[in-house]
Amino acid sequence: DAGITQSPRHKVTETGTPVTLRCHQTENHRYMYWYRQDPGHGLRLIHYSYGVKDTDKGEVSDGYSVSRSKTEDFLLTLESATSSQTSVYFCAIKGQGGTGELFFGEGSRLTVL
Amino acid sequence: AQTVTQSQPEMSVQEAETVTLSCTYDTSESDYYLFWYKQPPSRQMILVIRQEAYKQQNATENRFSVNFQKAAKSFSLKISDSQLGDAAMYFCAYRSAWTQGGSEKLVFGKGTKLTVNP
């Protein structure tokens, strides 16, 4: 158990509304990630963080912003949700081992109507 | 940029039989890590097996083993004695061993859905 909690686990919202997903970890990991999963696309990286206030974009970052004001929390914000952002969102942390595998939260299913 | 290709969107296997899932990747690097993740219907992402590129020996974890062919850039997953609980999406992933410039991230393939028939 990597101690990762995502909230909310499910959310339905309307186009144009802001949405924030939260990832909370309990083990002081430096690296945190947000991926989205869509059928036929696998998992694609949205943003990641390599420390407090240190973030960078992934391959599908348009329409998303992130913040990390403390080690344990990594927030993903959709400023104005669109139907194309309907997806399952996964938070992950990088393990301490040499191979650097990721450990994932349980996912958050977001539906934008 | 590195890419990972899983050419089999779906596979099926009979219970107790062996199945191999394919994965190829494209990279110009010589040092990297490869992973297989399992995602059952519960949606949880579970690490199945990992391989370090500088190790020639293929990784094994119980009934799961890989065939790592570095020159061919191939990393297939073999599941022996398949069980009903092996039914899941399987994702292949790549990570550079270079630890600067944003390389601390995994690149995933699109996945293979494995069905296990009783």
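Residues numbered from 1 in each chain as written. Chains lettered and ligands numbered in written order. Predicted model: local features only at pLDDT ≥ 70, side-chain atom pairs only at ≥ 80, totals over all residues. Heavy atoms only, no water.

1. As for unusual backbone geometry
Cis geometry marks the peptide bond from A:Ser7 to A:Pro8; its omega dihedral reads -10 degrees. Examined against the element boundaries, A:Pro8 turns out to sit in the loop between β1 (4–7) and β2 (10–13). A positive phi angle is found at B:Asn62, which is not glycine, with a value near 60 degrees. Within the element layout of this structure, B:Asn62 appears in the loop between β7 (60–61) and β8 (64–69). (Helix = DSSP H or I, 4+ residues; strand = E, 2+ residues; numbered from the N terminus.)

2. Overview of the state of the cysteines
Residues and elements named next belong to chain A. The full count for this structure, using the stated rule, is 2 disulfides over all chains. The residue that forms a disulfide with Cys 23 is Cys 91, at a sulfur-sulfur distance of 1.9 Å. The sign of the -70 degrees torsion about the S-S bond sets the Cys 23-Cys 91 disulfide as left-handed. Here Cys 23, found in strand β3 (residues 19–25), pairs with Cys 91, found in strand β9 (residues 87–94); they are 68 residues apart in sequence, far enough to count as distant. The exposure classification of Cys 23 matches that of Cys 91, with both residues buried. (Disulfide = S-S within 2.5 Å. Buried < 20%, exposed > 50% of the residue type's maximum accessible area, 1.4 Å probe, protein only.)

3. Remarks on the interface of chain B and chain A
Many authors give the size of an interface as the accessible area that is lost as the parts come together. Taken together, the 19 residues of chain B in the interface contact 26 residues of chain A. A buried area of about 1,900 Å², summed over both sides, lies between chain B and chain A, and 52% of it is on carbon and sulfur atoms. Considering only the side of chain B, the residues that lose the most area to chain A are B:Arg43, B:Glu104 and B:Phe108, jointly responsible for 33% of the buried surface there. There are 1 salt bridge connecting chain B and chain A. Linking A:Glu101 and B:Arg50 is a salt bridge whose minimum nitrogen-to-oxygen distance equals 2.5 Å. (Contact = heavy atoms within 4.5 Å. Buried area = accessible area lost by both parts, 1.4 Å probe. Salt bridge = Lys/Arg side-chain N within 4 Å of Asp/Glu carboxyl O.)

4. A short note on the pairing of strand β7 (residues 64–70) of chain A
All names here are of chain A. Pairing analysis gives 5 bridges linking β7 to strand β8 (residues 73–78), with the strands arranged antiparallel. Bridged to Ser 65 within β8 is Thr 77. Hairpin remark: β7 followed by β8, antiparallel, with 2 residues in the connecting loop. (Pairing = 2+ DSSP bridges.)

5. Focus on the pattern of salt bridges
Residues and elements named next belong to chain A. Considering all chains together, one arrives at 8 salt bridges over all chains under this definition. Across the pair Asp 73 and Arg 22 runs a salt bridge, and its minimum N-O distance is 3.1 Å. One end of the pair, Asp 73, is in strand β8; the other, Arg 22, is in strand β3, and 51 residues separate them in sequence. Given a relative accessible area of 8%, Asp 73 falls into the buried group.

6. Comments concerning the nonpolar core
All names here are of chain B. Counting residues in each nonpolar core, the largest one holds 25 residues, and the members touching the most others are Tyr 25, Trp 36, Phe 75, Leu 77, Tyr 90 and Leu 114. Where this core is concerned, the elements lending two or more residues are β3 (19–21), β5 (32–39), β6 (46–52), β8, β9 (74–79), β10 (88–96) and β12 (112–117). For this core, the leading source of residues is β10, giving 4 residues. Contacts of Leu 77, omitting those with residues within four sequence positions, involve Val 19, Thr 20, Leu 21, Trp 36, Ile 49, Phe 64, Ser 65, Val 66 and Tyr 90. (Core = buried A, V, L, I, M, F, W, Y, C linked by side-chain atoms within 4.5 Å.)

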